[in-house]
Amino acid sequence: MLNIGTAGTPHSTPKSKNGTIAGIERVRELGLDVMELEFVRGVYINNEDKAREVKEAAIKNNVKLSVHAPYFINLNSQEKNVIKQSIERIMQSAEAGHLCGAQNIVIHSAFYGKGEHDTAYEIVKNNFELMSDEIDNLGYNVILRPELMGKHSQFGSLDELIQLSNDVKHVLPCIDFGHFIARYGEKSNNYESFCNVLERMKEIKKENVLKNMHIHFSDIEFTDKGERKHLVFDEGTLKWKDMVKAWKKYEIEGTAICESPNIEEDALKAKKEYLN
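This one's a predicted model, so the numbers in the text were calculated from it and none came from an experiment.

Asker: I tried to follow the packing of helix H1 (residues 19-30) against helix H2 (residues 48-61) on my own but got confused; where do I start?
Answerer: Helix packing geometry: the angle between the two helix axes and the distance between the axes. One way to put it is that H1 packs onto H2 with a least axis distance of 9 Å and a crossing angle of 10°. If you check the angle between H1 and H2, you find them roughly parallel. Facing Thr 20, Ile 21, Ile 24, Glu 25 and Arg 28 of H1, the residues of H2 in contact are Glu 53, Val 54, Ala 57, Ala 58 and Asn 61.

Asker: What am I meant to see in the pattern of salt bridges here?
Answerer: Charged atoms that come close allow side chains of opposite charge to pair. All told, the structure shown has twelve salt bridges when counted by the stated rule. A salt bridge links Lys 202 to Glu 199; its shortest N-O distance comes to 3.3 Å. Residue classification places Lys 202 among the partly exposed positions, given a relative accessible area of 48%.

Asker: Would you explain the side chain of Ser 165 in this entry?
Answerer: Among the secondary structure elements, Ser 165 is positioned in helix H5 (residues 158-167). At 2.8 Å, the side chain of Ser 165 and the backbone oxygen of Leu 161 are in polar contact.

Asker: Is there a simple way to think about the nonpolar core in this case?
Answerer: Buried together is how nonpolar side chains tend to be arranged in soluble globular proteins. Within the largest apolar cluster, 83 residues are counted, with the highest numbers of intra-cluster contacts made by Phe 128, Phe 217 and Trp 247. If one sorts the elements of this core by residue count, helix H3 (residues 80-100) sits on top with seven residues. The contacts of Phe 217, once residues within four sequence positions are left out, are Ile 4, Phe 233, Met 243, Trp 247, Ala 256, Ile 257, Cys 258, Glu 259, Ser 260, Asp 266, Ala 267 and Ala 270.

Asker: I keep staring at the packing of H3 against helix H4 (residues 117-138) and nothing clicks. Help me out?
Answerer: Where H3 meets H4, the axes come as close as 11 Å, and the angle between the chain directions of the two elements is 40°. As the angle between them shows, H3 and H4 are arranged oblique. Between H3 and H4 lies a crossing whose hand is right-handed. Counting all contacts with H3, which are made through Ile 83, Ile 87, Ile 90 and Met 91, the residues of H4 involved are Asn 127, Met 131, Glu 134, Ile 135 and Leu 138. A breakdown of the residues in the contact of H3 with H4 according to their chemical character gives seven nonpolar, one polar and one charged.

Asker: When you look at the pairing of strand S8 (residues 219-223) in this model, what are you seeing that I'm missing?
Answerer: The side chains of a regular strand alternate, residue by residue, between the two faces of the sheet. The pairing of S8 with strand S9 (residues 226-231) spans five bridges and is classified as antiparallel. Note that in S9 the partner of Thr 223 across the bridge is Gly 226. In sequence, S8 turns back onto S9 through a hairpin of two residues.

Asker: So what exactly am I meant to see when it comes to the environment of Gly 139 here?
Answerer: By secondary structure assignment, the location of Gly 139 is in the loop between H4 and strand S5 (143-146). Sequence separation of Gly 139 and Glu 95 is 44 residues, and the distance between their C-alpha atoms is 9.9 Å.

Asker: How do you make sense of H1 when you look at a structure like this?
Answerer: Residues that lie three or four places apart on an α-helix share one face, since the helix turns once every 3.6 residues. Over its twelve residues, H1 extends 16 Å from the first C-alpha to the last, a length consistent with the 16 Å expected when each residue adds 1.5 Å. The complete set of buried residues in H1 reads Thr 20, Ile 21, Ala 22, Gly 23, Ile 24, Val 27 and Leu 30. Of the surrounding elements, those touching the buried residues of H1 are strand S1 (2-7), strand S2 (34-38), H2, strand S3 (64-68) and helix H9 (263-275). Note on H1: the residue one or two positions beyond its end, Gly 31, has a positive phi of about 85°.

The rules behind each value
Residues numbered from 1 in each chain as written. Predicted model: local features only at pLDDT ≥ 70, side-chain atom pairs only at ≥ 80, totals over all residues. Heavy atoms only, no water. Axes fitted to C-alpha atoms, helices over the stretch in contact; angles between N-to-C directions. Helix = DSSP H or I, 4+ residues; strand = E, 2+ residues; numbered from the N terminus. Parallel < 35°, antiparallel > 145°, perpendicular 65-115°, else oblique. Contact = heavy atoms within 4.5 Å. Salt bridge = Lys/Arg side-chain N within 4 Å of Asp/Glu carboxyl O. Buried < 20%, exposed > 50% of the residue type's maximum accessible area, 1.4 Å probe, protein only. Polar contact = N/O pair within 3.5 Å; in protein donor to acceptor, adjacent residues only side chain to side chain. Core = buried A, V, L, I, M, F, W, Y, C linked by side-chain atoms within 4.5 Å. Left-handed = near helix turned anticlockwise from the far one by under 90°. Nonpolar A, V, L, I, M, F, W, Y, C, P; charged D, E, K, R; others polar. Pairing = 2+ DSSP bridges. Expected span 1.5 Å × (residues − 1).

Function cannot be inferred from these measures alone, as they are strictly geometric.
What follows is the structure in structure tokens.
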């Protein structure tokens, strides 16, 4: 079964002192299955008591959780302090995820900068290895999910994510289908290409990758430089029904997070299409 839900609390969530718990409850009311904790501006679940409350609410409502680490990350920076702070932010996200019962930690890994892509890969890989070792040392039950990125200036091609997943223990990709089209162009916006992405997951030499997927999706506006902004279904060109058809063909399991501007509406559309 693929669990489908929202990037953050649904927009229709009632105002509450504890917005995260209210969001979890609203996800269940809507008939969705998962909510991604959006730490993109900072890790706001920063103590065990708060994390316990979130975990208990998720269990009570049968809602799975995932985490999106802060945007302010560059594991290929020329500045050592930036890399140090990036690793700290990712590990803070991993700790919060572990305490909340959220296994998947989504990461915008790096920018290429002025260097060669191969050099960037080695630097990024080494930093993921450091974090993977730390996850072992701390006993966190998490997977680091570098995201397929939609801008050509960003680390995160499909090839890079497959290689990184094979090279580093606690790493698997976050496949963003909107970013996939932005990165590879309109020629990739079809059922066959979506199936090919999932077929390529078999290149990752880890057990049951297709049964443990983490996906982002939305329609998207892009230029020749890649991603510009997320759009609501059918405002752009994403053939989202073909995307869902590919999910069904490969019988994937795991979680799929909607990042549309109208997160719950498109999540519900995707789930309805998935269940048809």
